[in-house]
Amino acid sequence: MSKPARNHGMPTIRIDEFRGETIVLHFGGAPGEIATRTLGEALIGFAETALAVSAIVDPGHEVEIVVEETGPGSFRAVVRQIYKAVPGLLSEGIRAIFWAIVATAIYDQIIKPSDRPPQIVATTDEVTVKVGSSTLVVRWAVYDASENAKKNRNVEKGIRKTFRALEADKSVTNFGITSSISDPHPVIEIPRADFPSFPESVVLETVDQLNERFRRERAVACDQTLVETRNTEVVT
């Protein structure tokens with residue numbers, strides 16, 4: 001089987017390369033320039049994304065995400081999934097394509113056309129998704145699972161956390177996902193120019209404000225009730 005085309009120029013990305021228990025995260029830039037805080041927050045965001053995907057596609061089996069090796073570039077990290085329970089038949093199948101599902105969910109969330117929806121062509125075995133100048137090829141099992149995963153709010157929150165950290169660090173020139181730490185180029189590579197801008201959630205802030213106002217109003221109402229009760233007792 002020939003090596004999948006990398007995403008340079010007009011790329012065709014075959015997600016079926018992501019198989020097994022490990023995946024490699026690539027943080028592009030000058031060697032050693034990525035900030036420790038950036039790296040930590042980005043890795044935490046990625047781990048939260050992966051755990052959220054696992055809860056959706058393989059419920060009932062807890063997965064632990066660990067960083068076990070580092071490599072060249074600004075920074076590369078090998079991330080492994082460790083099942084804490086003995087997987088059943090369904091889990092064995094999901095386990096083999098787990099990182100492909102995570103990678104597809106992230107790619108779909110980040111690389112979105114601004115002018116028109118993606119073009120989707122389906123065959124018996126796989127789905128081809130054309131997004132702008134990029135082409136993504138995935139197996140049906142991966143496509144279906146990633147479609148369910150990307151709708152989950154916790155998956156989106158994990159992706160947001162990763163790219164907020166990367167966008168804030170000017171030394172990070174690109175973010176990539178690949179299958180081997182020795183790959184010369186990541187299978188999926190997202191240049192800094194395509195990093196999404198995730199503002200702080202207005203909805204969450206509004207909810208917090210409403211909750212705070214509710215607590216204040218409740219406290220005032222309780223105080224008024226207490227005063228009225230005391231006044232009634234005095235009159236009696």
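Just so it is clear, the model here is predicted, and its values are computed rather than measured.

Caption draft 1: Looking closely at the pairing of strand β8 (residues 174-178). Judged by how many residues are buried, β8 sits mostly within the fold: 5 of 5 residues are covered. The two faces of β8 match: Asn174, Gly176 and Thr178 on one face and Phe175 and Ile177 on the other face are all buried. Bridging between strand β2 (residues 22-28) and β8 involves 5 bridges; their strand directions are antiparallel. Bridge pairing in β8 links His26 to Gly176. Sheet topology places β8 next to strand β9 (residues 188-191); 4 bridges connect them, and they run antiparallel. Directly across from Ile177, in β9, lies its bridge partner Ile188.

Caption draft 2: View of the sheet that holds strand β1 (residues 12-14). One open sheet accounts for 4 strands, arranged β1-β7-β6-β5; its pairing is mixed. Among the strands making up the open sheet, the edge pair consists of β1 and β5 (119-122). Strand-to-strand twist in this sheet, taken as the mean axis angle between neighbours without regard to direction, amounts to 20°. Sheet topology places β1 next to strand β7 (residues 134-139); 3 bridges connect them, and they run parallel. Directly across from Thr12, in β7, lies its bridge partner Thr135. Each of β5, β6 (126-131) and β7 is contacted by helix α3 (residues 140-150), which is oriented at about 105° to β7, the strand it contacts most.

Caption draft 3: Geometry of the pattern of salt bridges. All told, the structure shown has 8 salt bridges when counted by the stated rule. Here Lys150 ties to Glu147 by a salt bridge, and the two come within 2.6 Å at their closest N and O atoms. Placement of both Lys150 and Glu147 in helix α3 is noted, with a separation of 3 residues, approximately one turn of the helix. Of the residues examined, Glu147 reaches a relative accessible area of 21% and is grouped as partly exposed. Connected through shared salt-bridge partners, Glu21, Arg80 and Arg95 make up one network.

Caption draft 4: Examining the confidence of the model for the protein more closely. Here the protein shows a mean pLDDT of 76. Residues at 70 or above account for 73%. Confidence drops under pLDDT 50 across residues 1-10; counting only partners more than four residues distant or on other chains, this segment forms 23 contacts. When the criterion is pLDDT under 50, residues 225-236 qualifies, and its contacts beyond four places in sequence or with other chains add up to 0 contacts.

Caption draft 5: Representation of the packing of aromatic side chains. Enumeration according to the criterion identifies 7 aromatic pairs in this entry. Between the aromatic rings of Phe27 and Phe175, the centroid separation amounts to 5.6 Å while the plane-to-plane angle is 55°, which identifies the pairing as tilted. Of this pair, Phe27 sits in strand β2 while Phe175 sits in strand β8, placing them 148 residues apart in sequence. Side by side, Phe27 and Phe175 carry an identical accessibility label, which is buried. Considering the side-chain rings of Trp140 and Tyr143, the 5.8 Å spacing of their centres and the 90° angle between planes classify their relative orientation as edge-to-face.

Caption draft 6: View of the environment of Ala165. Assignment of secondary structure puts Ala165 in helix α4 (residues 153-168). Overall, the relative accessible area of 6% leaves Ala165 in the buried class. With 120 residues separating them along the chain, Ala165 and Gly45 place their C-alpha atoms 8.8 Å apart. Beyond its immediate stretch of four places on either side in the chain, Ala165 contacts Thr38, Glu41 and Ala42.

Caption draft 7: View of the environment of Ile34. The residue Ile34 is located in the loop between β2 and α1 (36-57) in this model. We classify Ile34 as buried; its relative accessible area is 11%.

Caption draft 8: Inspection of the packing of α1 against α4 at higher detail. Running from N to C, α1 and α4 cross one another at 165°; their axes reach a closest spacing of 7 Å. The orientation of α1 relative to α4 falls into the category roughly antiparallel. The crossing of α1 and α4 is left-handed. Here Thr38, Glu41, Ala42, Ile44, Gly45, Phe46, Glu48, Thr49, Ala52, Val53 and Ile56 of α1 lie close against α4, whose contacting residues are Asn154, Val155, Gly158, Ile159, Lys161, Thr162, Ala165 and Leu166. Here the residues of the contact of α1 with α4 are counted per class, giving 10 nonpolar, 6 polar and 3 charged.

Scoring rules and cut-offs
Residues numbered from 1 in each chain as written. Predicted model: local features only at pLDDT ≥ 70, side-chain atom pairs only at ≥ 80, totals over all residues. Heavy atoms only, no water. Buried < 20%, exposed > 50% of the residue type's maximum accessible area, 1.4 Å probe, protein only. Helix = DSSP H or I, 4+ residues; strand = E, 2+ residues; numbered from the N terminus. Pairing = 2+ DSSP bridges. Axes fitted to C-alpha atoms, helices over the stretch in contact; angles between N-to-C directions. Contact = heavy atoms within 4.5 Å. Salt bridge = Lys/Arg side-chain N within 4 Å of Asp/Glu carboxyl O. pLDDT = per-residue confidence, 0-100. Phe/Tyr/Trp six-rings, centres within 6.5 Å; stacked < 30°, edge-to-face > 60°. Parallel < 35°, antiparallel > 145°, perpendicular 65-115°, else oblique. Left-handed = near helix turned anticlockwise from the far one by under 90°. Nonpolar A, V, L, I, M, F, W, Y, C, P; charged D, E, K, R; others polar.

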